[in-house]
Amino acid sequence: MLLALNIGNTNVTFGGYDSSGQRVFASRFYSDSALSSDELVYKLVNMLALYHIQPRDVDAAILASVVPVLTSRMREALEKMTNAPLMEVGPGLKSGVRIRMDNPAQLGGELLCAAVGALQTHKPPLLVMNMDTAATLVAVDAEGSIVGGVILPSPALSLSALVRNTAQLPQIDMELPAKRFLGTNTTDCLHSGIVNGSALMLDGLFARCRATLHAPDAPVIATGTLPASIRDACATPIEYNGTLILDGLYSIWKRNVKK
């Protein structure tokens, strides 16, 4: 089994793929930069056990990470857990996607993997968004090349900062749809602002990106922690795939593995 792992700022996501390329499970845990390699082993082994998988079942692994402090610890954890060879997303690894940016090495591994995953099922041009602590959006042109993107705070981060820095604003559950556009109490006003404001902002970003690509119908594929309430509030259709990055990791591994 191939174990694919992605370390993001909010979550560590991981999944297993069998010899035919079928995903057999996918899971996640909180990306805590204080975790030691032993603690990572503990989490991985116990979460694999939930799916009746033993470390000895893992015969290959691939890792992408945007959290350097956890990258080396995860590498150590995998060495302790299994003798399987580890492949890491980075310079020199073939992805099949051209990166037409000033410094391709600055593109986060998870965004590259998300784009690779999206291109397995969609024809370019297209837009790919990953929602983590930051909301990141990349544009893929008609030739299948990543040509640029935007980075902004995620709705969850914006809400957290707003609640933390104001005296009387309550925490809300963004997973729930806003009751009405014009709230009639503080909670509903905040809920509408976060859900509908985020949706309107994303619609504007999608429209500008599509115009820049000269592709008014370019599909939008999203992954990460973008709540369904915000996706549903967007006028732009959004195809959500919670395992997009993992599927991209599998595709990159398959492209680079020695036959």
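Residues numbered from 1 in each chain as written. Predicted model: local features only at pLDDT ≥ 70, side-chain atom pairs only at ≥ 80, totals over all residues. Heavy atoms only, no water.

Peer 1: Residues and numbers for the nonpolar core, please.
Peer 2: Core analysis: the biggest nonpolar cluster contains 29 residues, and L2, I62, V128, I146, L249 and W253 have the highest contact counts within it. Looking at this core, the elements that each hand over two or more residues are β1 (2-7), β4 (60-65), α3 (109-119), β6 (126-131), β7 (134-140) and α7 (244-256). Membership of the second largest hydrophobic core comes to 25 residues, among which are M1, F25, F29 and M74. (Core = buried A, V, L, I, M, F, W, Y, C linked by side-chain atoms within 4.5 Å. Buried < 20%, exposed > 50% of the residue type's maximum accessible area, 1.4 Å probe, protein only. Helix = DSSP H or I, 4+ residues; strand = E, 2+ residues; numbered from the N terminus.)

Peer 1: Which residues make up the packing of helix α1 (residues 37-50) against helix α2 (residues 68-81), and what values do they have?
Peer 2: In a pair of packed helices, the angle between the axes and the distance between the axes together describe the arrangement. Put simply, α1 and α2 touch, their axes get as near as 8 Å, and they point 60 degrees apart. By the criterion of interaxial angle, the relationship of α1 to α2 is oblique. The handedness of the crossing between α1 and α2 is right-handed. The residues of α2 that touch α1, namely those facing S37, D38, L40, V41, L44, V45 and L48, are L70, R73, M74, E76, A77, L78, K80 and M81. Each residue belonging to the contact of α1 with α2 can be placed in one class, and the counts come to ten nonpolar, one polar and four charged. (Axes fitted to C-alpha atoms, helices over the stretch in contact; angles between N-to-C directions. Parallel < 35°, antiparallel > 145°, perpendicular 65-115°, else oblique. Left-handed = near helix turned anticlockwise from the far one by under 90°. Contact = heavy atoms within 4.5 Å. Nonpolar A, V, L, I, M, F, W, Y, C, P; charged D, E, K, R; others polar.)

Peer 1: An account of the packing of aromatic side chains is needed here, citing residue identities and associated values.
Peer 2: By the definition in use, this model includes five aromatic pairs. Their ring planes at 75 degrees and their centres at 5.9 Å tell us that F14 and F25 sit as a pair that is edge-to-face. Of this pair, F14 sits in strand β2 (residues 11-17) while F25 is found in strand β3 (residues 23-30), placing the two residues eleven residues apart along the sequence. Neither F14 nor F25 differs from the other in exposure class; each is buried. (Phe/Tyr/Trp six-rings, centres within 6.5 Å; stacked < 30°, edge-to-face > 60°.)

Peer 1: For the pattern of salt bridges, give the residues involved together with the corresponding values.
Peer 2: Tallied over the full model, the rule gives five salt bridges. Of the charged contacts, one joins R23 and D247 as a salt bridge, the two residues approaching to 2.9 Å between their closest N and O atoms. Note that R23 is positioned in strand β3 and D247 in helix α7, a separation of 224 residues in sequence. The class for R23 is partly exposed, based on a relative accessible area of 38%. In this structure, K80 engages D38 in a salt bridge whose closest nitrogen and oxygen atoms are separated by 2.7 Å. Of this pair, K80 sits in helix α2 while D38 sits in helix α1, placing them 42 residues apart in sequence. For K80, a relative accessible area of 49% gives the class partly exposed. (Salt bridge = Lys/Arg side-chain N within 4 Å of Asp/Glu carboxyl O.)

Nothing here speaks to function; it is all geometry.
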